[in-house]
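Notes for the structure review
Spelled out from the first residue to the last, the chains are:
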Amino acid sequence: MTMAIDPAAQRTADRLAEVYRTRSPIDPVATEHPDSSIELAYQIQQLQVEQWVRAGDIVKGHKVGLASRAIQRQMGVDRPDFGHLTTSMFHLEHQPIPADQFLQPRVEPEVAFVLGRPLSGPGLTIADAARAVEFVLPALEIVDSRIRDWRIGIFDTIADNASSGGVVLGSCPVRLGSLDLRTVGCTLHIGGGLAATGAGGAVLGTPLNSLVWLANTVGPLGVTLEPGHVILPGSMTAAFPIRAGDTAVATISGMGTVTAVMAGRE
């Protein structure tokens, strides 16, 4: 993004960045900004991403949040948002994930797109999006919030990098043409118990619509979705708490399973 830096935005970005070090969530940040504009929230997000990149992290994709009605009802919002995925957020499935990296984590099952071609909006269609997808993988997103008790509105979650936390990808790539993403079903098990069921159609009608929305939204900001990048289009169910010692398994029809193991003790 190329815009003048708002000093208030920088202060909020610094406060959110500090939470990663203190491990102590803060009150909603929207109250610090009388206008609470979406543009300002994204500037706060971008300032943090720039800090991470300067420190050596690498942007490896994007996520769309708040894309399903279930998540919107759960969070009390009415529109999608997006955040950045960086190298440090990716974890191998079946391998222990340090639970102390997170503050108040929740888990969501998703279809992950891996791009084979660049996507740069605006003006893209679902045909453009489908052509750009090299393959899909089952995924679990571990969402987290630096805002105390998840008391977030749309401004807070955008400023907080769309409540990003971690990503676990399945290991069996599937070609997009072999699936109807509208009708793929999923189950989410946590600790051996069934937490939820869902379907791809819960994500803006189809996860491909979410990919189109993302590319057309970030394009005017000068952002291209790059080949090799991972795009998480949104959860097929509500988000569920996950704790140290829990194992979460998502099974997506036609795609197989993905497993996240949270290590450590409470």
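Keep in mind it's a predicted model, so treat the numbers as computed, not measured. (Residues numbered from 1 in each chain as written. Predicted model: local features only at pLDDT ≥ 70, side-chain atom pairs only at ≥ 80, totals over all residues. Heavy atoms only, no water.)

Right, let's talk about the pairing of strand β12 (residues 247-252) for a bit. The alternating pattern of β12 places Ala248, Ala250 and Ile252 on a buried face and Thr247, Val249 and Thr251 on a face that is not buried. As judged from the five bridges shared by strand β8 (residues 185-190) and β12, these two strands associate in the antiparallel manner. Looking at β12, one finds that Thr187 is bridged to Thr251. Bridge count for β12 against strand β13 (residues 256-263) is six bridges, and the pairing is antiparallel. Across the sheet, Ala250 pairs through a bridge with Val258, a residue of β13. Hairpin remark: β12 followed by β13, antiparallel, with three residues in the connecting loop; positive phi at Gly254, about 80°. (Buried < 20%, exposed > 50% of the residue type's maximum accessible area, 1.4 Å probe, protein only. Helix = DSSP H or I, 4+ residues; strand = E, 2+ residues; numbered from the N terminus. Pairing = 2+ DSSP bridges.)

According to UniProt, the "domain: Fumarylacetoacetase-like C-terminal" (unreviewed entry) feature falls on residues 67-260. From the first C-alpha to the last, residues 67-260 spans 22 Å; its make-up is 16% helix and 34% strand. (UniProt positions renumbered as here; feature names shortened; annotations may be inferred.)

Before going further, it helps to spend a moment on helix α2 (residues 38-54). Counted at 1.5 Å a residue, the expected span for α2 with its 17 residues is 24 Å, and the 25 Å between its end C-alpha atoms agrees. What α2 keeps buried is the set Leu40, Ala41, Tyr42, Gln43, Ile44, Gln45, Gln46, Leu47, Gln48, Val49 and Trp52. Among the structural elements, α1 (7-22), β1 (59-65), β2 (81-86), α5 (154-159) and α6 (207-218) are those in contact with the buried residues of α2. Two residues or fewer past α2, Gly56 is found with a positive phi of approximately 115°. (Expected span 1.5 Å × (residues − 1). Contact = heavy atoms within 4.5 Å.)

Applying the stated criterion across every chain, the model contains one cavity of 30 Å³ or more. Here the largest cavity is characterised by a volume of approximately 140 Å³. As for the largest cavity, its lining consists of 19 residues, of which Leu66, Ile71, Met75, Glu108 and Val143 are closest to the centre. When residues of the lining of the largest cavity are traced back to their parent elements, those giving at least two are β1, α3 (69-75) and β5 (106-115). (1 Å grid on protein atoms, 1.4 Å probe; cavity = no way out; pocket = protein on both sides within 12 Å on 5 of 7 lines; lining within 4 Å. Points joined across faces, edges and corners; volume = space filled by probe spheres on them.)

What follows covers the packing of aromatic side chains. This model, assessed by the stated rule, comprises two aromatic pairs. Plain terms: the ring middles of Tyr20 and Trp52 are 5.9 Å apart, the flat faces sit at 80° to each other, and that makes the pair edge-to-face. Residue Tyr20 is located in helix α1, and its partner Trp52 is located in helix α2; the two are separated by 32 residues in the primary sequence. Ring plane angle 15° and centroid distance 4.4 Å describe the contact between Tyr42 and Phe82, whose orientation is recorded as stacked. Residue Tyr42 is located in helix α2, and its partner Phe82 is located in strand β2; the two are separated by 40 residues in the primary sequence. Like Tyr42, the residue Phe82 is buried in the burial classification. (Phe/Tyr/Trp six-rings, centres within 6.5 Å; stacked < 30°, edge-to-face > 60°.)

Here we come to unusual backbone geometry. In this chain, Gly121 is followed by Pro122 through a cis amide linkage whose omega measures 5°. Note on placement: Pro122 falls in the loop between β5 and α4 (126-132). If you check the backbone angles, Ala162 has positive phi at about 55° while not being a glycine. Relative to the assigned elements, Ala162 resides in the loop between α5 and β7 (166-169). Its identity is not glycine, yet Leu204 carries a phi of approximately 55°, on the positive side. Secondary-structure assignment places Leu204 in the loop between β9 (193-199) and α6.

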